[in-house]
Amino acid sequence: MLTPRGRAAMSVDVITFGDKMRFWHERMPEQMILRSRRRSSHIADPDGSLSLDAFAAEHGHPRLDPVPLTEFESYGAWYGERAAPDLDGRRIIAVVPRGERSFTLRLEDGAEPTVSRVIVAAGISPFAWRDSPLADLSDELVSHSSYHRSFGRFRGRSVAIVGCGQSALESAALLHEEGAAVELIARRPAPVWLAGHGDSLRARVRAGLAPPTDVGGRATGWLAAAPGVMHGSPRALREWTTARCVVPAGADWLPERVRDVTMTMNRQIRSAETRNGTVRISLDDGSEREVDHAILATGWRIDVARYPFLDRSIVERLDLGVRALDALVPCGRGQRLGIFSGSGVGKSTLLGSIARSTTASVNSSVWIPRSRFPRRASPAAAGMAPMPSWSVAPSGTRSATCAPIRRSTSPMTGSGCSCGG
Ligand SMILES: Cc1cc2nc3c(=O)[nH]c(=O)nc-3n(C[C@H](O)[C@H](O)[C@H](O)COP(=O)(O)OP(=O)(O)OC[C@H]3O[C@@H](n4cnc5c(N)ncnc54)[C@H](O)[C@@H]3O)c2cc1C
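So, here's what we can say about the structure. (Residues numbered from 1 in each chain as written. Predicted model: local features only at pLDDT ≥ 70, side-chain atom pairs only at ≥ 80, totals over all residues.)

1. Description of the overall build of the protein chain
Right, so step 1: A count of helices and strands for the protein chain gives 12 helices and 17 strands.
Right, so step 2: For the protein chain, the proportion of its 421 residues judged to be buried stands at 25%.
Right, so step 3: Relative to all contacts within the protein chain whose residues are 6 or more apart in sequence, the contacts with residues 24 or more apart total 64%. (Helix = DSSP H or I, 4+ residues; strand = E, 2+ residues; numbered from the N terminus. Buried ≥ 20, exposed ≤ 12 C-beta atoms within 10 Å, placed from the backbone. Contact = placed C-beta atoms within 7 Å.)

Here's what the structure looks like:
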């Protein structure tokens, strides 16, 4: 969050769009408790004056840990009033590139301001992931866990929950407490529980050894909490650590609340169908369930293409026609791409190949003579354009731009662009 003070210091003219805590108000159960502990639930700010503790002190609230959703919602609103007092509540319908250096924002009231940069921080709401044979059944019978503000309507009914992370386990607890007959179905052999802050000596020792970020185990969590060390570690260690830090896990205060919930672990759903207004689920051990409703607590998959307001030219992938690049560094339309390497290793050949094969109606290429660069100096150090770059106009035409020294343009052909080599 760029606070008013930060903006003034940077002399940047910023418009912030959005609603304070809307996702939290609409898509999380009222009775929810934050999985992150209090120490990990402060929203970042430059000097700590907008911390959860500062909010509690100002309002005379106790420092609750874990933090109830209601407390966090009030804190978020308080934070927002201070950090973004001039928040613009109009919805953005479309973000459309305007030339090469700016964007037009289409707002719900018909206004169309032009801006030079857009930072998208629009949250995860479009990314709810429904990965199961249940996903094809009607929304009335199968829902994602993020669509329940309360569970009262399931009192006296049977509900299957798929998943074993925090939202599956907490939804199971809340449904059970509402009087629903709940069964949790998961692939893993047993739930993973986070280290807690219980009263026993063992719990306190475990909690003391847990990393402040509340992800990962005692070793992996501390490594992830030190980004500099993590970044410098061997790749295999980084991947191992990441896999352990993002494992689905439940908060330490949940096991007691789900003690009486039926948990079917180590099982996969083979198929699902509707029958007389109920959901019939077949598992991989041959057993079957018939329930009134199924909840998919199957998490989120980030895919920016699902932000409906981003113009397709921003999110569509541009096929460069070079298999290694398309697989390893997929590019979007309008993206700038720098190619740097020593002399004679094929930059021009690669660029020519991109220029010939990219799906575009027009291309051009630029050649920069080697003499333009001082020995050992980078293009940027030599005061040249920072890097050769492709840019795509919204119409689908493409140009390759470097320093404008010598330019050749021809449809669907390409020559090389060489910087420093
Ligand atoms: C069930 C659940 C439990 C969670 N528990 C925790 C927890 O315990 N601790 C924790 O730290 N995190 C938790 N999270 C994660 C947390 O919710 C997100 O990380 C956080 O909300 C992301 O913040 P954000 O500002 O990126 O997005 P959001 O809070 O979703 O904010 C997005 C903003 O973008 C605006 N916006 C979107 N589209 C448009 C548009 N078209 N025009 C204008 N404005 C727009 C919205 O109005 C909103 O202001 C939880 C998430 C879920 C689903």
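2. Looking at the site of the ligand
Right, so step 1: Lining the immediate surroundings of the ligand are 19 residues, of which Gly18, Phe23, Leu34, Ser36 and Gly123 lie closest.
Right, so step 2: In terms of residue class, the shell around the ligand is built from eight nonpolar, seven polar and four charged. (Near = placed C-beta within 6 Å. Nonpolar A, V, L, I, M, F, W, Y, C, P; charged D, E, K, R; others polar.)

3. Side note on the pairing of strand β5 (residues 158-162)
If a strand is regular, its side chains alternate between the two faces of the sheet.
Right, so step 1: Summarising burial for β5: four of the five residues are buried, a large majority.
Right, so step 2: Here β5 pairs with strand β6 (residues 181-185) via five bridges, running parallel. Looking across to β6, one finds that Val159 is bridged to Val182.
Right, so step 3: Since β5 and β6 lie parallel, the crossover through helix α5 (residues 166-178) that links them has a hand, and here it is right-handed.
Right, so step 4: Note: β5 against strand β11 (residues 293-296), four bridges, orientation parallel. (Pairing = 2+ DSSP bridges. Right-handed = clockwise from strand over helix to strand, strands pointing away.)

4. Examining the nonpolar core
Right, so step 1: In this structure, Val159, Ile161, Ala172 and Ala294 are the most contacted members of the largest nonpolar core, which totals 35 residues.
Right, so step 2: At the level of secondary structure, the elements contributing two or more residues to this core comprise β5, α5, β6, β9 (278-283) and β11.
Right, so step 3: Looking at this core, the element that brings in the most residues is α5, giving six residues.
Right, so step 4: Setting aside its immediate chain neighbours within four residues, Ile161 contacts Ala168, Ser171, Ala172, Val182, Leu184, Ile295 and Ala297. (Core = buried A, V, L, I, M, F, W, Y, C linked by C-beta atoms within 7 Å.)

5. Topic: the sheet that holds strand β4 (residues 142-144)
Right, so step 1: An order of β4-β11-β5-β6-β7 is seen for the five strands of this open sheet, with the pairing classed as parallel. One side of each edge strand has no neighbouring strand; the edge strands of this open sheet are β4 and β7 (262-264). Looking at each pair of strands side by side, their axes are set apart by 25 degrees on average, direction ignored.
Right, so step 2: Seen against the sheet, α5 touches β5, β6 and β11 and runs at an angle of roughly 165 degrees to β6. (Axes fitted to C-alpha atoms, helices over the stretch in contact; angles between N-to-C directions.)

6. Quick notes on α5
Right, so step 1: Spanning 13 residues, α5 covers 18 Å between terminal C-alpha atoms, matching the ideal 18 Å at 1.5 Å per step.
Right, so step 2: When you tally the buried positions in α5, you get 11 out of 13 residues, the bulk of the element.
Right, so step 3: Here α5 has its buried residues at Gln166, Ser167, Ala168, Leu169, Glu170, Ser171, Ala172, Ala173, Leu174, Leu175 and His176.
Right, so step 4: On its buried side, α5 packs onto β5, β6 and β11.
Right, so step 5: The positive-phi residue at the C-terminal boundary of α5 is Gly179, with phi of around 95 degrees. (Expected span 1.5 Å × (residues − 1).)

7. Focus on unusual backbone geometry
Right, so step 1: A cis geometry characterises the amide bond from Asp65 onward to Pro66, with omega recorded as 5 degrees.
Right, so step 2: Here Pro66 lies in the loop between α3 (52-59) and α4 (69-83).
Right, so step 3: In this model, Met21 sits at a positive phi of 60 degrees, which is unusual for a non-glycine residue.
Right, so step 4: Assignment of secondary structure puts Met21 in the loop between α1 (4-10) and α2 (22-27).
Right, so step 5: The backbone of Asn266 shows a phi angle near 65 degrees, a positive value even though the residue is not glycine.
Right, so step 6: With respect to the element layout, Asn266 can be found in the loop between β7 and β8 (269-275).

8. Some points on the sheet that holds strand β3 (residues 114-115)
Right, so step 1: Read across the sheet, three strands follow the order β1-β2-β3 without closing on themselves; strand pairing throughout is antiparallel. Each end of this open sheet is capped by a strand with a single partner; those strands are β1 (92-98) and β3.

9. Comments concerning the environment of Thr298
Right, so step 1: Of note, Thr298 is situated in the loop between β11 and α10 (312-315).
Right, so step 2: With 22 C-beta atoms packed within 10 Å, Thr298 lands in the buried category.
Right, so step 3: As for Thr298 and Ser167, which are separated by 131 residues in sequence, their C-alpha atoms are 8.6 Å apart.
Right, so step 4: Those residues within four positions of Thr298 in sequence are excluded, and the remaining contacts are Trp129, Arg130, Asp131, Ser132, Val162 and Gly163.

Taken by themselves, the reported measurements are silent on function.
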